[in-house]
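# Structural features, examined
What follows is the residue order along each chain.
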Amino acid sequence: KGKPDLIVRNCTFFPPLDIEAKTVSILQDIYSGPQKQNQIEVANASDLVIYNSEFTRSFYKEEVRTNSQVIPLGIDFDHFKPKVSNHPGVLPNSVLFIGAATDYPKGFHVVRSLVENTDYNFCLVMKDNFSWDHPRVKVFNNVNHTELVNIINSCSVAICTSVHETQHLAGLECGACNLPIVATNVGCYYELDSGLWGEKAGTLAEFMSGIEKVMKNNQTYSSRSHFSDYDKAVVRTKWREAIESIL
């Protein structure tokens, strides 16, 4: 029945569409080889490219000529928020890790080293059926978002040890709960300096000093206010403005 006014599509998985319509393409997965070449072709055939982070854009900025913006995946700040919580399974003053037990891309070898080389308690929220019999480590597997909020708010600091993340939604959920974060230079932390959100780290020693700093000065951080632009309501407004700009 005629061409659409607008196509919003993913840059990945299928080639440019042979349809004369304004197109916004979302580039949120970092690839190499033929898959990356397909993404570049789609992006350059579009009217606007939306990246989910500056980290993602940095991998494509030399090849993609189309106008682009960074609009992240939004976080529900009405659900993920600070509250007094004492989850019975979380040890006092725990360091929180949310993810999978993989060295790449999650950097789980750093988590293991932190447990072995510090006296902190740890809370691990895992995507798989992971287990760890250790007196200072509590493990949760496949928790729902209601329980996750309670777990986050029962911890003292979150860590992102990943060597590769396009955004790091788990860390942003912690940030929405106003939990300080110690993180590598990936995803939403890319090119950030240490500040209200938390501390930057790259080595084991930097993670240890960053965690120690947060533990001693927890009240001086305000990660929720720093990451407020990731609120779904803000993201929705950015999307509307982006679409209006090309129609």
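Residues numbered from 1 in each chain as written. Predicted model: local features only at pLDDT ≥ 70, side-chain atom pairs only at ≥ 80, totals over all residues. Heavy atoms only, no water.

### Digging into the pairing of strand β6 (residues 121–126)
Burial analysis of β6 places six of its six residues in the buried class, the great majority of the element. Neither face of β6 is left uncovered, since the one carrying N121, C123 and V125 and the one carrying F122, L124 and M126 both have all their residues buried. Of the pairings in the sheet, the one linking strand β5 (residues 94–99) to β6 comprises six bridges and is parallel in character. Within β6, the position partnered with S94 by the bridge is N121. Pairing between β6 and strand β7 (residues 137–141): five bridges, direction parallel. By the bridge assignment for β7, V125 is matched with F140. (Buried < 20%, exposed > 50% of the residue type's maximum accessible area, 1.4 Å probe, protein only. Helix = DSSP H or I, 4+ residues; strand = E, 2+ residues; numbered from the N terminus. Pairing = 2+ DSSP bridges.)

### Brief notes about the environment of S154
Mapped onto the fold, S154 is located in the loop between α4 (145–152) and β8 (157–160). Using a relative accessible area of 14% as the deciding quantity, one classes S154 as buried. Not counting residues within four places of it along the chain, the set of residues in contact with S154 comprises S85, N86, H87 and V90. There is a polar contact of 3.3 Å between the side chain of S154 and the side chain of S85. (Contact = heavy atoms within 4.5 Å. Polar contact = N/O pair within 3.5 Å; in protein donor to acceptor, adjacent residues only side chain to side chain.)

### Considerations on the pairing of strand β3 (residues 48–51)
Judged by which residues are buried, β3 turns out to be covered on both faces: L48 and I50 on one side and V49 and Y51 on the other are all buried. Examined bridge by bridge, strand β2 (residues 22–27) and β3 share four bridges and lie parallel to one another. Pairing of S25 across the sheet is with V49, part of β3. Crossover connection from β2 via helix α1 (residues 33–44) to parallel β3: handedness right-handed. Looking at chain direction, β3 and strand β4 (residues 68–70) are connected through three bridges and run parallel. Paired with I50 across the strands is Q69, a residue of β4. (Right-handed = clockwise from strand over helix to strand, strands pointing away.)

### A closer look at the nonpolar core
Ranked by size, the top nonpolar core spans 42 residues in total, and within it L96, V125, I152 and Y189 carry the most contacts. Going through the elements one at a time, α1, β3, β5, β6, α4, β8, α5 (169–176) and β9 (181–183) are the ones with two or more residues in this core. The next biggest cluster of nonpolar side chains, apart from the first, holds 21 residues, and it includes V95, V110, F130 and V137. (Core = buried A, V, L, I, M, F, W, Y, C linked by side-chain atoms within 4.5 Å.)

### Some points on the packing of helix α3 (residues 108–117) against helix α6 (residues 204–216)
At their nearest, the axes of α3 and α6 sit 10 Å apart, and the two run at 60° to each other. If you check the angle between α3 and α6, you find them oblique. Between α3 and α6 the crossing geometry is right-handed. Two secondary-structure elements touch here, α3 through V110, S113, L114 and N117 and α6 through L204, F207, M208 and I211. Of the residues in the contact of α3 with α6, the class split is six nonpolar, two polar and no charged. (Axes fitted to C-alpha atoms, helices over the stretch in contact; angles between N-to-C directions. Parallel < 35°, antiparallel > 145°, perpendicular 65-115°, else oblique. Left-handed = near helix turned anticlockwise from the far one by under 90°. Nonpolar A, V, L, I, M, F, W, Y, C, P; charged D, E, K, R; others polar.)

### Examining the environment of G89
Along the chain, G89 falls in the loop between β4 and β5. According to the relative accessible area criterion, G89 is partly exposed, its value standing at 23%. A sequence separation of 93 residues divides G89 from V182, and the C-alpha atoms of the two residues are 22 Å apart. Ignoring any residue separated from it by four or fewer positions in sequence, one finds G89 in contact with K138 and F140.

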